[in-house]
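Geometric and topological summary
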Amino acid sequence: MKGLLASAAAACGIAVLLAAAASAKPPERFTDSFPYSGSASCGGFNDVWEGSIEVRGMTTFDKAGNPVADIVHVKRVETNWRSDDPSVSMTATGSWTTKYDYATDTEANLGQVIKQTYPGLGVLFHDVGKIVFSPGGVVVHGPHDIFEQGDAVFCDALEAIG
């Protein structure tokens with residue numbers, strides 16, 4: 001019985017070594033952060049914004065060292081204000097995961113890309129849920145106000161609070 005257990009243990013050890021030798025290149029991990037700013041016309045005023053994004057993620061690889069997928073966690077904070085009255089401002093937040101599949105050229109964003117609330121008014125707009133971009137088109141699950149309406153949601157929100 002001891003011999004059988006020793007043989008089984010040795011076989012398991014060899015199998016683990018072979019599996020490790022045949023496995024893919026380890027994932028490459030990365031982090032970054034950057035500020036951004038801009039403005040967009042709302043007719044009678046401009047929506048002016050400043051924000052920051054923090055990313056941390058990794059790229060996974062196959063056995064040949066080719067990239068398979070990117071998995072990126074993103075956090076955002078953005079303050080918007082009216083150009084004609086900077087005291088009318090709002091700060092939005094976001095936290096989501098982006099998954100990119102190299103083989104299918106498909107990107108999926110999952111989570112709260114951006115959410116804007118305001119005291120007494122509640123949710124003014126939000127992009128939450130899942131949105132998938134692929135060569136075959138875009139698939140949307142959940143409310144994605146900015147994706148569907150663009151800058152107008154910021155203008156409408158600044159009008160509502162100001």
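Within each chain, residue numbers correspond to sequence positions counted from 1 in written order. Residues qualify for local features only when their pLDDT is at least 70, as the model is predicted, and side-chain atom pairs are given and counted only at 80 or more; totals for whole chains, interfaces and linings, by contrast, use all residues. Water and hydrogen atoms play no part in the side-chain values, which are based on all heavy atoms of the structure.

A few points about the confidence of the model for the protein
Test applied: Note: pLDDT gives the predictor's confidence per residue, expressed from 0 to 100. Any two residues whose heavy atoms approach within 4.5 Å are treated as being in contact.
With 86% of its residues at a pLDDT of 70 or more, the protein has an overall mean of 88. Within the model, the stretch residues 1-21 combines pLDDT values under 50 with zero contacts to residues more than four positions away or in other chains.

Describing the pattern of salt bridges
Using the following cut-off: In the sections that follow, a salt bridge refers to a side-chain nitrogen of Lys or Arg positioned within 4 Å of a carboxyl oxygen of Asp or Glu. Exposure classes here rest on a 1.4 Å probe applied to the protein chains alone. A residue is buried below 20% of its type maximum, exposed above 50%, and partly exposed in between.
This structure, assessed with the given rule, holds two salt bridges. For the salt bridge of Glu 28 with Lys 25, the shortest nitrogen-to-oxygen distance reads 3.0 Å. Salt-bridge contacts for Asp 84 lead to Arg 82; the nearest nitrogen and oxygen are separated by 3.0 Å. Residue Asp 84 is classed as partly exposed on the basis of its relative accessible area, which comes to 46%.

Structural notes on the sheet that holds strand S2 (residues 46-61)
As a reminder, the rule being used: Two strands qualify as a pair provided DSSP detects at least 2 bridges between them. In DSSP terms, a helix is any run of H or I states spanning at least four residues, a strand is any run of E spanning at least two, and both are numbered starting from the N terminus. Simply put, an axis is a line fit to the C-alpha atoms, just over the touching stretch for a helix, and the angle between two N-to-C directions goes from 0 to 180 degrees.
Spatial strand order, S1-S2-S3-S4-S5-S6-S7: seven strands in an open sheet with antiparallel pairing. Each of the sheet's edge strands pairs with one partner strand only, and the pair in question is strand S1 (28-41) and strand S7 (137-141). In this sheet, neighbouring strand axes are inclined to one another by 20° on average, regardless of whether the strands run parallel or antiparallel. Relative to strand S5 (residues 106-118), strand S4 (residues 85-101) runs antiparallel, the two sharing eight bridges. Paired with Trp 96 across the strands is Gly 111, a residue of S5. Against the sheet, helix H3 (residues 152-161) touches S1, S2, strand S3 (67-82), S4, S5 and strand S6 (122-134), its axis set at about 145° to S4.

Digging into the side chain of Arg 76
Spelled out, the test is: Positive charges come from Lys and Arg alone, negative charges from Asp and Glu alone, with His and the N- and C-terminal ends not counted. Think of a polar contact as two N or O atoms within 3.5 Å of one another; within protein, one of them needs to be a possible hydrogen donor and the other a possible acceptor, and neighboring residues in sequence only count if both atoms come from side chains.
Within the secondary structure layout, Arg 76 lies in strand S3. Notably, Arg 76 is buried but unbridged: the nearest opposite-charge side chain belongs to Glu 78, and the N-O separation is 4.2 Å. At 3.3 Å, the side chain of Arg 76 forms a polar contact with the side chain of Tyr 36. A polar contact is formed between the side chain of Arg 76 and the backbone oxygen of Val 113, at a distance of 3.4 Å. Once residues within four sequence positions are removed from consideration, Arg 76 is found in contact with Tyr 36, Ser 52, Ile 53, Ala 92, Thr 93, Gly 94, Trp 96, Val 113 and Ile 114.

Notes on the nonpolar core
Short version of the rule: For our purposes a nonpolar core is just a set of buried Ala, Val, Leu, Ile, Met, Phe, Trp, Tyr and Cys residues, chained together by side-chain atoms within 4.5 Å.
If you look at the biggest cluster of nonpolar residues, it comprises 13 residues, and the most contacted ones within it are Met 90, Ile 114, Phe 125, Phe 154, Leu 158 and Ile 161. When contributions to this core are tallied by element, the ones reaching two or more residues are S4 and H3. Take this core: its biggest share by element is six residues, from H3. Among residues more than four places away in sequence, those in contact with Leu 158 are Phe 45, Asp 47, Asn 80, Trp 81, Arg 82, Val 88 and Met 90. Formed by nine residues, the second largest nonpolar core is a distinct cluster that contains Ala 40, Val 74, Trp 96 and Val 113.

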